[in-house]
Amino acid sequence: MRVVVDLNRCQAYAQCCYAAPDSFVLHGSEVLVYDPAPPAERRREIERAVQACPVRAILLEAGPEAEENRG
Ligand code: SF4
């Protein structure tokens, strides 16, 4: 799983930090730090963060593990 945040779009609303605190952390009031390659078990909370972001700045891409599961 790969996470990309469009930091040009991000307005530091911190909604993602509430939805997925293990993956998104706001440093100060405007610098978002995030895990670009989180473990698969965090998918659900990261999907919540994607939905929660008011400016749709978070992109979630399926990683190799999704390919493997396709059989
Ligand atoms: S919710 Fe969206 S705008 Fe807010 S900090 Fe997260 S990525 Fe940025």
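Before reading on, note that the structure itself is shown above.
Since the structure is predicted, the reported quantities are computational estimates derived from the model, not experimental observations. (Residues numbered from 1 in each chain as written. Predicted model: local features only at pLDDT ≥ 70, side-chain atom pairs only at ≥ 80, totals over all residues.)

Peer 1: Sorry, what's going on with the site of the ligand here?
Peer 2: The full set close to the ligand counts 15 residues, and Cys-10, Tyr-13, Gln-15, Cys-16 and Cys-53 are the nearest of them. Looking at side-chain class alone, the shell around the ligand contains 13 nonpolar, two polar and no charged residues. (Near = placed C-beta within 6 Å. Nonpolar A, V, L, I, M, F, W, Y, C, P; charged D, E, K, R; others polar.)

Peer 1: What is the right way to look at the nonpolar core in this model?
Peer 2: Note that soluble globular proteins tend to have their nonpolar side chains buried in a common cluster. In this structure, Val-3, Cys-10, Cys-16, Ala-19, Ala-20, Phe-24, Leu-32, Tyr-34, Ile-46, Ala-49, Cys-53 and Ile-58 together form the largest nonpolar core, which totals 12 residues. If you list the elements that add at least two residues to this core, you get helix H1 (15-19), strand E3 (31-34) and helix H2 (43-52). Apart from the residues within four sequence positions on either side, Ala-19 is in contact with Glu-45, Arg-48, Ala-49 and Ala-52. (Core = buried A, V, L, I, M, F, W, Y, C linked by C-beta atoms within 7 Å. Buried ≥ 20, exposed ≤ 12 C-beta atoms within 10 Å, placed from the backbone. Helix = DSSP H or I, 4+ residues; strand = E, 2+ residues; numbered from the N terminus. Contact = placed C-beta atoms within 7 Å.)

Peer 1: I tried to follow the pairing of E3 on my own but got confused; where do I start?
Peer 2: Walk down a regular strand and you will see the side chains alternate between the two sheet faces. Here E3 shows a buried face lined by Leu-32 and Tyr-34 and an unburied face lined by Val-31 and Val-33. Sheet topology note: the strand E2 (residues 24-27)/E3 ladder contains four bridges and is antiparallel. In the strand pairing of E3, Leu-26 is matched with Leu-32. Here E2 hands over to E3 after three residues, with Gly-28 in that stretch at a positive phi of 65°. (Pairing = 2+ DSSP bridges.)

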